[in-house]
Amino acid sequence: MAAAFPTQARVVIVGGGIMGCSTAYHLAKLGWKDVVLLEQGRLSGGTTWHAAGLVGQLRSYSNLTRLIRYSTELYAKLEAETGLATGWKQCGSLTVARTEERMTLLRRSAAMAQAQGVACEPLTPKEAGDKYPVMRTDDLVGAVWLPGDGKANPADITQALAKGARNNGVRIFEKTRVTAVETKDGRVTGVQTTQGPIKAEIVVNCGGQWARQLGRSVGVTVPLYSCEHMYIVTEKMENVPRDLPVMRDPDGYIYFKEEVGGLLMGGFEPVAKPWNKDVIPDDFEFGMLPDDWDQFQILMDNALIRVPSLDKVGIKTFMNGPESFTPDLNYILGEAPTLKGFFVGAGFNSMGIASSGGAGMALAEWIVAGEPTLDLWPVDIRRFAGFHGNDAWLRDRVAETLGLHYKMPWPQRELESGRPFRRSPLYDRLKAKGAWFGNKMGWERPNWFAGAGKTPEMTYGWGRAAWFDAVAAEHRATREAVTVVDETSFGKILVQGRDAEAQLQRIAANDVAVPVGRTVYTALLNKRGTFESDVTIARLARDRFLVVTGSAQPVRDMDWIGRNLDGAAHVTLSDVTGAWTVLSVMGPNSRALLQAVSRADFANEAFPFGAIREVGVGHATVWASRRTYMGELGWELYVPVEFAATVFEALQAAGAAHGLRDAGYYAIESLRLEKGYRAWGRELTPDDTPWQAGLGWAVKLDKPGGFIGRDALVEAKGKPLARRLVSVVLEDREPLLWGGEALLRDGAPVGDLTSAAYGHTVGASVGLGYVKRADGAAIDAAWLEAGRFEVDLAGVRLKAKVSLRCPYDPAGTRIKG
């Protein structure tokens, strides 16, 4: 007898692919059993059914690796729990390298795997060939072997997860389409379906390719777009046993896995083919697209190079199934910042099978806890803004992002499609000065300058190129004279109202009840006492504060501050990022330069550190804030956009007499790392406390009324700091570090570098990274000094000096490389 269709549920999940079923399964495991899952067709009938089923554990972000490792553990035990096979086979995987550059990357990956606890072994071409007999190896440089990787049957896993969910009380209805999401006062109240309405506290959008249009129907941006993804399955082949490893040849854009005694071969071509459908048809169930051998040709040509015997075997299946891709090749997870109770789990970029076990667990925990239980920033929905949902832009971008799976991930690589996107008022002026632009949160930002009238030549690689000397000059000018940097991309949030101070005091860890005209650096913490963001708060008036945050964070910070405001408080939030240009004037000559273009007094007594004043610069009126992220005297000028050119021209006209030079974000990075300044998303994440990050000075435990996270910090303060952030300087002055390298003490991995760059003042590569003691004892200077520290750079161990102090101190204390 069919179950009665519900009229009410605590949670409604929209979409019965692997992600929807995983989320339902894990909600039930957490005790939330009043869950209804709705699938417009049949389970797995969207994208899941035609996925290739590869499961590779290693990711560049440790928490994403952790979630995939959980996926493998889950898939291995599901059959015993549910009685349904999943097709999971831990057959291991090979990734091969045709070039020295690719092999360097694989050696870096092996070192990173070691730091993350993932088994990974570099191999010679012969050793790789022994594991994959049908593979040609004479053109290879080497390979890596990950024995814990494997493959699975996507549809079978979905059915097993669905059965596990049902066994724990979840109700699943197929052939039931959600026609509308109901909302009231900024939160969801339920859904309308083809079988009737359901009231619900929470709606979870696991709609796969349809997630964008479902989100759009309630004003939620889910920036994904479908591309055609193709693979073939051959007839049975000789020397292809059932336990043949998965094999990836990224230089040829291709992958292989055993399939019923033959090979499944697909790949990620450099220029993909978007499925030109802004609206996906509702009835596209178990759907395929027409064969496109022209698009597939580059993959076929490379497959014949790697496995020559393919030309002697028939092809029994050509699969062309659309899959959704996101602008940055990471999936989308979390509660929508614009609609409370509306969660998203979608956009898996052909990694849904590997990711969805862990992603479903993480999303379920987020729903139950009301916030993420670990650092999920790389996949957090709040990394995107409304403008990322433009269909024309998404089509252009995903044509590039599909190919990023196997494109060389050079340290400084910038995406090229859909640019320029957001532009500062000074973009054209900076371009004329030879700026090489990077992109963050859509903003075009100058990374370095080739010089006026010159075209910057950006060559990606592991070593020095033209940018290196240019950045060195910008770095030295900041230390010795003065530079100006366009930092318009800073997020800027205006907090206004008679209760603004009281509300910010409760949300910020530092004391922001300061006089008008002062700024405060502070953490925004969650209840666990870990970072949700770090910001500078400027008090512009009794009832008006400007919160300045990183370029990537305005949506996240608007959401975090907004959801933690007292509903009865007299306070408003406004994102004013685009209203102000920011020019950072930094260096020992900054005071003299600003004094030359302004009648304001910039002397230390009149304008101390942390002050913010409204001053004239040329004919413009701006806010000048005395702060620094580069370790030198300086001011950040907040300029109304219509006066940006006026202020920039005034600075340039007066600058020659003071040694003014334009500088970019590469110089900022090297300058801030010499000084040990932390960065959100790297040194400061929801996995880190201020005590671990060395920012206890920015926490006021005794301020009246307390703050979010205070209780957790008080508890943590009484425990030994077995994990701490340290500064690292290489003893060898030549190698370049990029971040992500493993850090070893006495030969054993103890952490990795969260950030790294070349320190042109110190004269060696510098970095920041967390180290952890396995015995749980406190990390102090004595423990650091007693150890022999090394950085694993692509398999080469380099001696390093590690300290709780920064490498560069203007007072004279330095760690010298």
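Everything here concerns the structure above.
Quantities reported herein were computed from a predicted structural model and do not represent experimental measurements.

What follows concerns the sheet that holds strand S15 (residues 262–267). In spatial order, the strands read S5-S6-S4-S13-S14-S15-S12-S16; together these 8 strands make up an open sheet with mixed pairing. Two strands lie at the open edges of the sheet, namely strand S5 (121–123) and strand S16 (315–325), each paired on one side alone. In this sheet, neighbouring strand axes are inclined to one another by 20° on average, regardless of whether the strands run parallel or antiparallel. Relative to S15, strand S14 (residues 254–259) is paired through 6 bridges, and the arrangement is antiparallel. Counted as the bridge partner of Ile-254 is Gly-267 from S15. Sheet strands in contact with helix H3 (residues 100–116) are strand S4 (93–97), S5 and strand S6 (142–146), and its direction is about 145° off that of S4. Helix H9 (residues 391–401) rests against strand S12 (225–234) and S16 of the sheet, and its axis sits at about 30° to S12.

Under the criterion given, the structure shown has 47 salt bridges. Note that Glu-228 is salt-bridged to Lys-273, the shortest N-O span being 3.6 Å. Within this pair, whereas Glu-228 is found in strand S12, its partner Lys-273 is found in the loop between S15 and helix H7 (293–306), the two being separated by 45 residues in sequence. Residues participating in the shared-partner salt-bridge network are Glu-335, Asp-380, Arg-382, Glu-532, Arg-556, Asp-559 and Arg-563.

The next point concerns the pairing of strand S13 (residues 246–249). Covered by surrounding structure in S13 are Val-246 and Arg-248 together with Met-247 and Asp-249, the residues of both alternating faces. In this structure, S4 lies alongside S13, joined through 3 bridges in parallel fashion. What sits directly across from Leu-94, in S13, is Met-247. Pairing analysis gives 3 bridges linking S13 to S14, with the strands arranged antiparallel. Following the sheet pairing, Met-247 is matched in S14 by Phe-256. Taking the residues that link successive antiparallel strands as the turn, the S13-S14 hairpin has 4 residues, and the phi of Tyr-253 there is positive, at about 70°.

Turning our eyes to something else, we now look at helix H15 (residues 644–655). Residues three or four positions apart in an α-helix share a direction because the helix packs 3.6 residues into each turn. Compared with an ideal rise of 1.5 Å per residue, which puts 12 residues at 16 Å, H15 spans 16 Å between its outermost C-alpha atoms and is within 8% of the ideal. Among the residues of H15, Ala-644, Val-647, Phe-648, Ala-650, Leu-651, Ala-654 and Gly-655 are the ones counted as buried. Down the axis of H15, the buried side of the element spans an arc of 160°, and every buried residue falls inside it.

Another aspect to go through is the sheet that holds strand S23 (residues 519–525). Pairing in this open sheet of 5 strands is antiparallel, and the strands run S23-S24-S25-S22-S26 from one edge to the other. Either end of the sheet is taken by a strand with one partner, and the two such strands are S23 and strand S26 (572–575). Going across the sheet, the axis of each strand differs from the next one's by a mean of 30°, ignoring polarity. Of the pairings in the sheet, the one linking strand S22 (residues 491–496) to strand S25 (residues 544–549) comprises 6 bridges and is antiparallel in character. The partner of Gly-491 across the bridge, within S25, is Thr-549. Where helix H13 (residues 554–563) meets the sheet, its contacts fall on S22, S23, strand S24 (531–541), S25 and S26, and the angle it forms with S26 comes to roughly 175°.

A word on the nonpolar core. Counting 50 residues, the largest nonpolar core has Ile-13, Val-204 and Leu-333 as the members making the most contacts within it. Going through the elements one at a time, strand S1 (8–14), helix H1 (18–29), strand S2 (35–38), helix H2 (62–82), helix H5 (154–167), strand S11 (196–205) and helix H8 (352–369) are the ones with two or more residues in this core. Aside from chain neighbours lying at most four places away, what touches Ile-13 is Gly-20, Thr-23, Ala-24, Leu-27, Val-35, Val-36, Leu-37, Leu-38, Val-204 and Cys-206. If you look at the next biggest cluster of nonpolar residues, it comprises 33 residues, including Tyr-427, Val-597, Val-615 and Leu-637.

Another point: the pairing of strand S28 (residues 612–617). Sheet topology places S28 next to strand S29 (residues 620–625); 6 bridges connect them, and they run antiparallel. Across the sheet, residue Ile-612 finds its bridge partner in S29, namely Ser-625. Hairpin connection from S28 to S29: 2 residues lie between these consecutive antiparallel strands, with Gly-618 at a positive phi of about 60°.

Now for the packing of aromatic side chains. A complete count under the given rule lists 24 aromatic pairs for this structure. One aromatic cluster is present, built from ring pairs that chain together Trp-467, Phe-468, Tyr-666, Trp-738 and Tyr-758. Over the ring of Tyr-808 we find Arg-479; its NZ or CZ atom is 4.0 Å from the centre of that ring. One cation-aromatic arrangement involves Arg-723 over Tyr-770; the distance from NZ or CZ to the ring centre is 4.0 Å.

Quick notes on the rules
- Residues numbered from 1 in each chain as written.
- Predicted model: local features only at pLDDT ≥ 70, side-chain atom pairs only at ≥ 80, totals over all residues.
- Heavy atoms only, no water.
- Pairing = 2+ DSSP bridges.
- Helix = DSSP H or I, 4+ residues; strand = E, 2+ residues; numbered from the N terminus.
- Axes fitted to C-alpha atoms, helices over the stretch in contact; angles between N-to-C directions.
- Contact = heavy atoms within 4.5 Å.
- Salt bridge = Lys/Arg side-chain N within 4 Å of Asp/Glu carboxyl O.
- Buried < 20%, exposed > 50% of the residue type's maximum accessible area, 1.4 Å probe, protein only.
- Expected span 1.5 Å × (residues − 1).
- Arc of directions from axis to C-beta.
- Core = buried A, V, L, I, M, F, W, Y, C linked by side-chain atoms within 4.5 Å.
- Phe/Tyr/Trp six-rings, centres within 6.5 Å; stacked < 30°, edge-to-face > 60°.
- Lys NZ or Arg CZ within 6 Å of the ring centre and 35° of its normal.

Read these as layout, nothing more, since geometry by itself doesn't imply function.
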